[in-house]
Amino acid sequence: MSGRSSSILLSSSIRGWGKLREASLRRIRPTLAVRDEQVRTFVSKSTKDDHVAGVWSPSAAIDHSPPPPAIAKAEESLKNASLVIFDKDGTLICFHSMWVPWALSTAERIEEASNLKESEIAKEVYRLLGFCPIEKKVRPGLLAEATMGEIRERLVHLLVEHGLESDKAIQVVDECVQDCDTTSSNTLKQIGNLKHMFEELRAHNVKIAVCTADSRRGTLGALRGLGLEQYIDIIVCGDDAGTQPKPSPHNALAICKAMGVEPADAFMVGDTLADMGMGRSAKLGGTIGVLSGVAKEVELSPMADHVVVDVGEALPILLKRRNPAGGAVRLS
Ligand SMILES: [Mg+2]
């Protein structure tokens with residue numbers, strides 16, 4: 001691998017599922033509820049400048065005041081991104097073909113292993129994940145935005161709420177919630193011509209990052225399966241030590257620092273509000289929401305600087321250059 005193509009892999013130690021075995025359910029952290037609150041705060045307070053003490057509020061992190069005209073004009077001519085941070089599922093890879101089979105089989109296994117069929121536990125699992133078994137589509141929610149560790153914790157909590165002892169609930173989740181097969185050609189489908197997009201970005205000296213809630217094992221399996229790993233400068237996954245779930249700005253800022261790029265020169269491209277929230281709270285140069293994943297335009301547009309159909313449409317925005325007459329050069 002060349003120096004460029006050698007992905008800078010952050011520590012890949014698998015986070016905490018083993019520790020959960022040792023923890024009582026009383027100790028399951030309230031962070032998931034806090035994170036949900038963060039997203040709600042993100043939406044409800046996006047146009048305000050107030051801040052809720054103890055709860056991350058992106059509105060408090062965003063400077064809404066416009067720059068002076070002269071500075072704005074100079075910035076306009078420098079809008080090429082130096083770094084693009086891509087979300088993975090729903091942005092680069094088809095979310096539904098990958099995770100719908102996983103959601104169906106996981107709920108079926110949990111129902112069987114827990115003996116909670118009478119409680120219609122599968123429906124509760126779908127509801128928790130944010131999955132519609134009728135439309136067979138993933139909606140914005142836990143499956144689209146949370147790490148596998150968070151999903152497992154929430155499933156344990158769900159089973160306990162339905163009467164299982166905590167040890168039994170942990171055992172069921174441990175047995176039934178397996179990593180998604182990210183390498184099967186039946187489920188792994190890229191969105192658009194990603195090699196072309198990455199080659200265009202690299203040709204313009206734009207660094208490429210992937211920041212995902214998925215596990216490192218699953219992420220590398222998918223990127224390698226599509227022959228894309230060689231294009232990516234840095235990969236940050238949900239189970240990497242020291243990372244924080246979106247919409248925290250932590251991972252975006254860590255990526256910028258590792259790449260030697262100012263946050264203002266970086267763009268975030270993703271399919272969820274959590275992606276947009278990370279980009280905004282890190283004060284990146286721009287956020288692009290794609291409609292190829294789980295969210296609709298009406299959901300993304302309040303928080304995205306641009307909303308496009310898919311990453312293919314994002315490319316001209318990322319490579320915006322001015323010709324001598326001042327018009328945008330179309331890149332295709
Ligand atoms: Mg996504």
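Criteria and thresholds
Residues numbered from 1 in each chain as written. Predicted model: local features only at pLDDT ≥ 70, side-chain atom pairs only at ≥ 80, totals over all residues. Helix = DSSP H or I, 4+ residues; strand = E, 2+ residues; numbered from the N terminus. Buried ≥ 20, exposed ≤ 12 C-beta atoms within 10 Å, placed from the backbone. Contact = placed C-beta atoms within 7 Å. Pairing = 2+ DSSP bridges. Right-handed = clockwise from strand over helix to strand, strands pointing away. pLDDT = per-residue confidence, 0-100. Axes fitted to C-alpha atoms, helices over the stretch in contact; angles between N-to-C directions. Parallel < 35°, antiparallel > 145°, perpendicular 65-115°, else oblique. Left-handed = near helix turned anticlockwise from the far one by under 90°. Nonpolar A, V, L, I, M, F, W, Y, C, P; charged D, E, K, R; others polar.

What follows is about the overall build of the protein. Secondary structure summary: the protein contains 15 helices and 9 strands in total. The buried share among the 332 residues of the protein stands at 42%. Restricting to contacts in the protein with at least 6 residues of sequence separation, those with at least 24 account for 64%.

Moving on, we come to the pairing of strand β7 (residues 266–270). With 5 of its 5 residues buried, β7 lies for the most part within the structure. Going residue by residue along β7, you find Ala266, Met268 and Gly270 tucked away on one face and Phe267 and Val269 tucked away on the opposite face as well. Across 4 bridges, strand β2 (residues 83–86) lies against β7 in parallel orientation. Looking at the pairing, Ile85 lines up with Met268 of β7. Remark: the β7/helix α13 (residues 273–281)/strand β8 (residues 286–290) crossover connection has right-handed handedness.

Attention now moves to helix α12 (residues 250–259). When we look at burial in α12, the residues that qualify are Asn251, Ala252, Ala254, Ile255 and Cys256. Where the residues of α12 are buried, they touch β2, β5 (207–211), β6 (234–236), β7 and α13. Positioned one or two residues after α12, Gly260 has a phi angle of 70 degrees, which is positive.

Our next topic: the environment of Thr212. Residue placement: Thr212 occurs in the loop between β5 and α11 (216–225). Thr212 sits in the buried class, given 28 other C-beta atoms within 10 Å. Separated by 26 residues in sequence, Thr212 and Gly238 place their C-alpha atoms 6.1 Å apart. Residues in contact with Thr212, not counting those within four places in the same chain, are Asp87, Lys88, Asp89, Thr219, Cys237 and Gly238.

Let's shift gears to the pairing of β8. In terms of residue burial, β8 counts as a mostly covered element, since 5 of its 5 residues are buried. Where β7 and β8 come together, 4 bridges link them in parallel fashion. Of the residues in β8, the one forming a bridge with Met268 is Thr287. Where β8 and strand β9 (residues 306–308) come together, 3 bridges link them in parallel fashion. Each bridged residue has a counterpart across the sheet, and for Val290 the counterpart in β9 is Val308.

A few words now on the confidence of the model for the protein. The pLDDT averaged across the protein works out to 78; a share of 72% of its residues lies at or above 70. Below pLDDT 50 for its whole length, residues 1–78 participates in 84 contacts with residues either more than four positions away or in separate chains. Per-residue pLDDT stays below 50 along residues 321–332; that stretch engages in 10 contacts with residues further than four places along the chain or on separate chains.

Quick look at the packing of helix α8 (residues 148–161) against helix α9 (residues 166–176) now. If you want to describe how two helices pack, look at the angle between their axes and the distance between the axes. Their axes nearest at 9 Å, the elements α8 and α9 cross at an angle of 135 degrees. In terms of axis orientation, α8 runs oblique to α9. As for the relative orientation of α8 and α9, their crossing is right-handed in sense. Residues Arg152, Leu155, Val156, Leu159 and Val160 of α8 form the contact with α9, whose own contacting residues are Ser166, Ala169, Ile170, Val172 and Val173. Its residues assigned to classes, the contact of α8 with α9 shows 8 nonpolar, 1 polar and 1 charged.

At their nearest, the axes of helix α6 (residues 121–129) and α8 sit 11 Å apart, and the two run at 145 degrees to each other. Here the hand of the crossing between α6 and α8 comes out right-handed. Two secondary-structure elements touch here, α6 through Glu124, Val125 and Leu128 and α8 through Arg154, Leu155 and Leu158. Class assignment for the residues of the contact of α6 with α8 results in 4 nonpolar, no polar and 2 charged.

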